[in-house]
Amino acid sequence: MTVKPTELTIFVVLFGAVTVMGFVASRWKPGRSLEHLDEWGLGGRKFGSWVSWFLIGGDLYTAYTFVAVPALLFSAGAMGFFAMPYTILVYPLVFMPLLRMWSVSRVHGYVTHADFVRGRYGSPTLALLVAVTAIVATMPYIALQLVSLEAVLRTMGLNQAGWVGHLPLFLAFVILAVYTYQSGLRAPALIAFVKDILIYLVIIVAVLYLPIKLGGWESIFGAADAKFQQTQNTADGVLLNADNQLQYATLALGSALALFLYPHAMTGVLASRSRSVIKLNMSALPLYSLLLGLMALLGYCAIAAGVRPLQNAATGGSDSSTIIPVLFDQQFPNWFAGLAFSAIGIGALVPAAIMSIAASNLWTRNVYKEYLRRDATPEDEARQAKIASLLVKFGAVVFIVVINPQYAIDLQLIGGVIILQILPAVGVSLYTRWFHRQALVTGWIAGMLYGLWMLYHVPNPASGRQHFGGSAYPLGDVSLLGLWTPFDGSTRTIYAGFLALLVNVVVAVVATLVLRQLRVFNGADATDPADYYAEEGDARVEPAYERVGR
Amino acid sequence: MTSLSPQRIPPRPPQRPRQPRLRWNAWNLLLLVPLLILLTPLYNRVDPRLFGMPFFYWFQLVCVLIGVALTSLVYVMTKEDDYVITGQPDRLNVDSLDEGAGR
């Protein structure tokens, strides 16, 4: 395959433009010094409604989402549309808890959700558990952004074998790493404007133009239906069947509960300037969901257009993440395909930057400062986080180059299941300290082990793999320690993460009751009920002003 | 170390009346309505179609807009719950925000 000059030129020009923005961002709304985690890692905690909308939107709706969701519809049909109930549910669900999280973090200067857990329970151990879970769940997510970026680069013709094939990706990431190091969260916040405007433009044009070109939605869905009728697999189709509806609903709910437990989502929220900014965004962010829904349908357009995924020259396998790039390549003039590729490519940079910043914040606050250097000054923390962000990104690149990208997708699947296990410690604790801190640890261990055990036993008939083949666990196999199978003989499937969370909560409840009977000390609570309602301008939020020079 | 240093936590003004532990506002209950989307049998059908799209797809797209309407309504109706000062210069001092700074 030859290199496509028009597409590549547009891509390089736009990539160059956002690189300049990334470096200039350090001078955008500057604080006193960037050498502080509140500044480098949270952009000074002063983003207003517009910036937050672009930042959080650019953060949650990643390039991987825009590439993987249509690819899922392309290969599995209706099941891939679970992204819709997921994103319909998530904002109403987190509306109230996020306000509490923002207020308490603002009053106490918490940079991460693990900081909050530490303050709430006086337990560095529980905080460490939360931090490590969050970091482990985020790492493959960063790697997946690279997968999307590489899918675009390979579609543009940079599809060489061996390490040469990874060189463009490596170059792009070095640039990203340097300006993130330099500007912190301000860089992705500024670049998100470009990314999102490009994405909106591209998808709106595609969704209006492609159905007309391909003979209308009726014939597009007809083509999809015909494809799924031919396959041996009974789980696919343009509608859900009796067996996968429970999976559809629990996957949507589980994903919605998990989303804001991811550190990058939390970082975007904590960087907002006030509660009303968050409230407004809970209503405005679903605009992105609409976009995602329309984008998902492009997966069916790809079926109707007869798209075949590219062969990845580095792995030799068929790369399903190239479906959307190939669709744009085939159906649109070169210059527009170039814009679409840039949208996806830049769309990978924004979340990758925020994720690496969020992971570095966790490392710095809840591991480095807590266990390695107690007396670290704010300058030390900022320096440590910057270096950590470089290592995180480098790790993600090595992951993609050395290991098969398929493992990144598997690990992302596992990541969704394990991040759910911190829900009782982070989410429930925002409302009540009823759970005992040791019970939360016990529940976490139980949920984690059960979740991983289930995922290990899910095969994937399509790829012929025995383990980690998906997140749909057969309900008929659910058993109580092998003694009792309540749903024996059922052919339905359920989201493994949801079951693991149930086990986690049940174990935590039982352990709490036991520990309370034994009157074990439950740590000291550093927060006050009023902290959870503090708003910008409140006496509790700006005490810093009066304490200057103290 | 098991607890945060108490002097770093901003003291609550003593003259303020004690706030209730949880603020109740019935408008917030609207946020529970979107949970209905979990009942897949409600919309797992082909007809009626819209622009040739099966019901399953266009109904969920419409639900995004319904969700927006609900959260917007809650936003507008609970505005007074939050005490906001606008137009004030930003006096945020990042150093003193960080409660761990002097640990």
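Analysis parameters
- Residues numbered from 1 in each chain as written.
- Chains lettered and ligands numbered in written order.
- Predicted model: local features only at pLDDT ≥ 70, side-chain atom pairs only at ≥ 80, totals over all residues.
- Helix = DSSP H or I, 4+ residues; strand = E, 2+ residues; numbered from the N terminus.
- Rg over C-alpha atoms; globule rule 2.2 N^0.38 Å.
- Buried ≥ 20, exposed ≤ 12 C-beta atoms within 10 Å, placed from the backbone.
- Contact = placed C-beta atoms within 7 Å.
- Core = buried A, V, L, I, M, F, W, Y, C linked by C-beta atoms within 7 Å.
- Axes fitted to C-alpha atoms, helices over the stretch in contact; angles between N-to-C directions.
- Parallel < 35°, antiparallel > 145°, perpendicular 65-115°, else oblique.
- Nonpolar A, V, L, I, M, F, W, Y, C, P; charged D, E, K, R; others polar.
- Expected span 1.5 Å × (residues − 1).
- Left-handed = near helix turned anticlockwise from the far one by under 90°.
- pLDDT = per-residue confidence, 0-100.

Student: Go over the overall build of chain A, please, and point to the residues and values.
Tutor: In terms of regular secondary structure, chain A is built from 22 helices and 4 strands. Taken over C-alpha atoms, the radius of gyration comes to 23 Å for chain A, in line with the 24 Å a tight globule of 550 residues would show. In terms of principal-axis extent, the alpha carbons of chain A reach across some 65 × 60 × 40 Å. Burial statistics for chain A: of 550 residues in total, 62% are counted as buried. Contacts spanning at least 24 positions in sequence make up 82% of the contacts within chain A whose residues lie at least 6 apart.

Student: An account of the overall build of chain B is needed here, citing residue identities and associated values.
Tutor: Scanning chain B for helices and strands turns up 2 helices and 0 strands. For chain B, the residues scored as buried account for 24% of the 103 residues in total. By sequence separation, contacts in chain B at least 24 residues apart represent 61% of the contacts at least 6 residues apart.

Student: I'd love a proper account of the nonpolar core, names of residues and values included.
Tutor: Residues and elements named next belong to chain A. Among the nonpolar cores identified, the biggest contains 213 residues, and Val130, Ala134 and Leu146 are the most heavily contacted of them. Sort the elements by how many residues they give to this core and helix 7 (residues 124-155) lands first, with 19 residues. If sequence neighbours within four positions are ignored, alanine 134 has contacts with Ala114, Tyr262, Pro263, Leu362, Ile419 and Ile422.

Student: I'd like to hear about the packing of helix 14 (residues 286-304) of chain A against helix 1 (residues 55-77) of chain B, residue by residue, with values.
Tutor: Direction vectors running N to C along helix 14 of chain A and helix 1 of chain B enclose 170 degrees, while the axes themselves pass 9 Å from each other. Relative to helix 1 of chain B, the element helix 14 of chain A is oriented roughly antiparallel. Of helix 1 of chain B, the residues touching helix 14 of chain A (which contributes Pro286(A), Ser289(A), Leu290(A), Gly293(A) and Leu297(A)) are Tyr57(B), Gln60(B), Leu61(B), Val64(B), Gly67(B) and Val68(B). Looking at the contact of helix 14 of chain A with helix 1 of chain B, its residues break down into 7 nonpolar, 4 polar and no charged.

Student: So, helix 11 (residues 245-259) of chain A: which residues are in play, and what are the values?
Tutor: With 15 residues, helix 11 of chain A extends 21 Å from end C-alpha to end C-alpha; this agrees with the ideal 21 Å at 1.5 Å per step. For helix 11 of chain A, the buried fraction is high: 15 of the 15 residues fall into the buried class.

Student: Any details on the packing of helix 7 of chain A against helix 15 (residues 323-331) of chain A? Residues and values, ideally.
Tutor: All names here are of chain A. Between helix 7 and helix 15, whose axes approach to 9 Å, the crossing angle comes to 30 degrees. By the criterion of interaxial angle, the relationship of helix 7 to helix 15 is roughly parallel. In the crossing of helix 7 with helix 15, the sense of the turn from one axis to the other is right-handed. Touching Ala151, Val152 and Thr155 of helix 7 are Pro325, Val326 and Asp329, all from helix 15. Within the contact of helix 7 with helix 15, the residues separate by chemical class into 4 nonpolar, 1 polar and 1 charged.

Student: Please set out unusual backbone geometry residue by residue, giving values where relevant.
Tutor: Note the cis peptide between Asp47(B) and Pro48(B), where omega equals -5 degrees. Along the polypeptide, Pro48(B) turns up in the segment before helix 1. For Arg45(A), which is not glycine, the phi dihedral falls at a positive 50 degrees. By the secondary structure assignment, Arg45(A) is in the loop between helix 2 (37-40) and helix 3 (49-60).

Student: With reference to specific residues and values, describe helix 14 of chain A.
Tutor: Residues and elements named next belong to chain A. Helix length check: helix 14, at 19 residues, gives a terminal C-alpha distance of 28 Å against a target of 27 Å (1.5 Å per residue), a fit within 8%. The buried count for helix 14 comes to 16 of 19 residues, which makes it a mostly enclosed element. Immediately downstream of helix 14, the backbone of glycine 306 shows phi near 70 degrees, a positive value.

Student: Go over the confidence of the model for chain B with me, naming the residues and quoting the values.
Tutor: All names here are of chain B. When pLDDT is averaged along chain B, the result is 70, and 55% of the positions lie at 70 or above. Every residue in residues 1-7 is under pLDDT 50, and counting partners more than four places away or in other chains gives 11 contacts. Within the model, pLDDT remains below 50 along residues 84-103, and this stretch shows 45 contacts once partners closer than five positions in the same chain are excluded. Predicted complex metrics record ipTM = 0.83 and pTM = 0.85.

Student: Requested: an account of the environment of Ile191(A), with residues and values cited.
Tutor: Along the chain, Ile191(A) turns up in helix 9 (residues 186-213). Spatially, the C-alpha atom of Ile191(A) lies 9.1 Å from that of Phe54(A), the residues being 137 residues apart in sequence.

Student: Before we move on, can you summarise the confidence of the model for chain A with the specific residues and values?
Tutor: Residue and element names in this part refer to chain A. Of the residues in chain A, 93% reach a pLDDT of 70 or more, and the chain-wide mean stands at 84. Mean pLDDT values over the elements of chain A span from 34, in helix 22 (residues 543-546), up to 94, in helix 19 (residues 423-426). A low-confidence stretch, residues 543-550 stays under pLDDT 50, and its non-local contacts, those more than four residues away or across chains, total 9 contacts.

Student: Pulling in residues and values, what's your account of the environment of Ala352(A)?
Tutor: Residues and elements named next belong to chain A. Within the secondary structure, alanine 352 is located in helix 16 (residues 334-372). Separated by 21 residues in the primary sequence, alanine 352 and arginine 373 place their C-alpha atoms 27 Å from one another. With residues up to four places along the chain from it excluded, the contact list for alanine 352 reads Ile142, Gln145 and Leu176.

Student: Could you give an account of the environment of Gly109(A), naming the residues involved and the relevant values?
Tutor: Residue placement: Gly109(A) occurs in the loop between helix 5 (83-108) and helix 6 (113-121). You can call Gly109(A) buried: it has 24 C-beta atoms within 10 Å.

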